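Summary of structural features
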Amino acid sequence: MAAFVEKVLEIAQRYWPLFWAGTKVTLLISLTGTIIGLAIGLLVGSVRAVKVEPRDGLGTRVVKQLIHALTSIYIEVFRGTPMIVQSVFLYYLLKPVFNWKPTVAGIFIVSVNTGAYMAEIIRAGIQSVDQGQTEAARSIGMTPMQTMFLVVLPQAIKNSFPAIGNEFVVNIKDSSVLSAISVTDLYFQSIGVAGSIFLFTQTMTVTASIYLVLTFTTTRILGLIEKRMGRPRSSFPASQTVPGNPTF
Amino acid sequence: MENIIEIRGLKKHFDKLEVLNDIQFSVAPGEVICLIGASGSGKSTLLRCVNLLETPDAGEILVHGQNILQGRMDVNQYRTKVGMVFQSFNLFANMDVLKNCMVGQTHVLHRSKEEAREKALYFLQKVGMKDFLLASPAQLSGGQKQRVAIARALCMDPEVLLFDEPTSALDPEMVGGVLEVMKDLAREGLTMIVVTHEMGFAREVSTRVVFMDKGVIAEEGSPEEIFQNPQNPRTREFLSRYIQS
Ligand SMILES: Nc1ncnc2c1ncn2[C@@H]1O[C@H](COP(=O)(O)OP(=O)(O)OP(=O)(O)O)[C@@H](O)[C@H]1O
Ligand SMILES: [Mg+2]
C-alpha cells in the first residue's frame, strides 16, 4: 500500500508537465464546448418552442414545421449515438474540408453534441415558465420574439441553470473520449505516460484525482452561482396567497 | 357616441365544444361593462377574443369601425390599445415592479426610459404600490401583484381595459383594495369590461351588465334592470344562487 502511494506520487511529480498540459486542453475543450453548446441550445430550443398559430399563413406554417423536423433529427442523432463515434465520424468526414487540428475538431464535436442536450434543457426550461406570462406579454403588444427574449428565456435559463451546469461537469469527464481522434487532453496524456512506464493503475490514480478535483471544484462553484441567482435583490416581506373562495 | 368596439356574429369553438355562439356586443367610450354568468358560459373566451388571445372562427370585431379580423392588421399595435388584467396576475417574474411597468412602454411603444419611468411611477402611485418599485413579484401578496398588473396595463394608455375575474384568486381581505382601484378607474371614465363574480361591484360600478349563458348573451341591461327585474328565467336562476350564498 505504502509502495503504491509512493509510486503514484512519484509519477505525479515526474510527469506533472504532461498532466498539466492535458488538464489545460480538457478544460479548454469542455468550457468552450459547453458555452458554444449553450448558444446552440438556446437557438434550437427557442425555435422549437415556437408553435404553429391559427393565424399563420401556409408559408409560415411550412417553414415552422420544417425547422421543427430538422431540429428533431439533429437532437435525436446526437443524443442517440455515442460521442466517441460522433468524434471519429465527424473528424475524418470534415478533415478534407477544414484540415483541422484535433483540438479544434474536439471543440466542434463537444459543442454540437452539447447543443443537442442543451436544446432539450432549454425547451424544458421554456415550458416551465407559465403560459400566463406569455399571454400577459402578448396582451401589452410584445411580439413573439420580444416575449421570448425579454420574458421567457431569462427565466428559462435561470430555471435550467442546474442542468446547464451539469452539462459542463459531464463534458469535463466525457471529453476524454476525444483521445480517439488524438486530442491531447488529460486522458490522452495519461495513457501516454502509463504506456511508457507500464504502470496503468498508478497513473490512472493520478488522472482520476485530477478529474475529481476539476469536477468537484466546478460543482461547488456552480452551486454558489445558483445560490446567488436565487436570492431576491432586496428584502420585502414575502407573503403567500392562498387561492381563496370568491366573495359575493 | 361612436362605439370603440363592435362585435358581430362572433363564434368560437374548441374541438366539438361551441363556446361562443353568435355574439353581438358593443362597447362605447366610458362604459363599464360587467360580464356575469355561470362557469363555462364563455366569459373568458369572449374577453380573450376581444384582444385576440383567442382567434375567433367567424364574425367581425370592429374597432373604430375597422374589422381587425380582416387583412393585414397589426395585432401587436392593436393589443396595446386593449389592456388585459388576468385572474392570475401574470407579472413578469424576472423583472421588478418598476420594470414590469416599463418594459412594454420602452419596447412596444418605444418611449424613452425617462418617460416610461415617469408614467410607471404615476400609475404605481395611483394603485398604491409606489413603495415597492424594486420588489420582485415573488415578494408581493396577491392583492399587491394585481395592483401592479393593473398599473402595468394602464402604462400602455389603453382605450379599453379588460379584466378577467381580477379578484377571484385573492384572499378575501385583499379583494377590497383591488376593487377600490377599479372603482377609481371607472369614476375617471376609463372604459372597462370586467368579468366578475363580485355582484356588489357590478351593481355599484357598472353602467351595463351582460349575462352570458352557454355561449350566448342571454340578457343585458342596466344594473337595476338585471339585478332588480331580470327578464330571462336563466338570469333569475343564476342570480338567486348568489343571493342565497
Ligand atoms: N383553450 C381551450 N381549449 C379547450 N377548451 C377550452 C379552452 N378554453 C376554454 N375552453 C372551454 O370553453 C368553455 C368556456 O370557457 P370560458 O373559460 O370562456 O368560461 P368562463 O365563462 O370564463 O368560465 P369561468 O367562470 O369558469 O372562468 C369551457 O367549457 C372551457 O372548458
Ligand atoms: Mg373564465
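Residues numbered from 1 in each chain as written. Chains lettered and ligands numbered in written order. Predicted model: local features only at pLDDT ≥ 70, side-chain atom pairs only at ≥ 80, totals over all residues. Heavy atoms only, no water.

So, on to the sheet that holds strand E8 (residues 191-195) of chain B. Residue and element names in this part refer to chain B. Read across the open sheet, the six strands follow the order E6-E7-E8-E3-E9-E10; overall the sheet is mixed. Each of the sheet's edge strands pairs with one partner strand only, and the pair in question is strand E6 (82-85) and strand E10 (216-221). Sheet twist, expressed as the mean angle between neighbouring strand axes with direction ignored, is 20°. With five bridges connecting them, strand E9 (residues 208-213) and E10 associate as antiparallel partners. Paired with Val209 across the two strands is Gly221, which belongs to E10. Seen against the sheet, helix H6 (residues 172-187) touches strand E3 (32-37), strand E7 (160-164) and E8 and runs at an angle of roughly 145° to E8. (Pairing = 2+ DSSP bridges. Helix = DSSP H or I, 4+ residues; strand = E, 2+ residues; numbered from the N terminus. Axes fitted to C-alpha atoms, helices over the stretch in contact; angles between N-to-C directions. Contact = heavy atoms within 4.5 Å.)

Quick look at the site of ligand 1 now. All names here are of chain B. The full set close to ligand 1 counts 13 residues, and Ser39, Gly40, Lys43, Ser44 and Thr45 are the nearest of them. Those elements that place two or more of their residues in the shell around ligand 1 are strand E2 (17-27) and helix H1 (43-50). Of the residues forming the shell around ligand 1, the biggest block, three residues, is contributed by H1. Residue classes in the shell around ligand 1 are distributed as four nonpolar, seven polar and two charged. (Near = heavy atom within 4 Å. Nonpolar A, V, L, I, M, F, W, Y, C, P; charged D, E, K, R; others polar.)

Right, let's talk about the side chain of B:Thr235 for a bit. Turning to its location among the elements, B:Thr235 is positioned in helix H9 (residues 233-244). When residues no more than four places from it in sequence are discounted, the contact partners of B:Thr235 are B:Phe211, B:Glu219, B:Ile226 and B:Pro230.

Moving on, we come to the pattern of salt bridges. Residue and element names in this part refer to chain B. A complete count under the given rule lists 17 salt bridges over all chains for this structure. Salt-bridge contacts for Glu54 lead to Arg48; the nearest nitrogen and oxygen are separated by 3.1 Å. A residue is classified by how much of its surface remains accessible, and Arg48, at 14% relative accessible area, is buried. Here Glu237 makes a salt bridge to Arg234, at a shortest N to O gap of 3.9 Å. Residue Glu237 and its partner Arg234 are located together in helix H9, separated by three residues, close to a single helical turn. On the accessibility criterion, Glu237 (42% relative accessible area) is partly exposed. (Salt bridge = Lys/Arg side-chain N within 4 Å of Asp/Glu carboxyl O. Buried < 20%, exposed > 50% of the residue type's maximum accessible area, 1.4 Å probe, protein only.)

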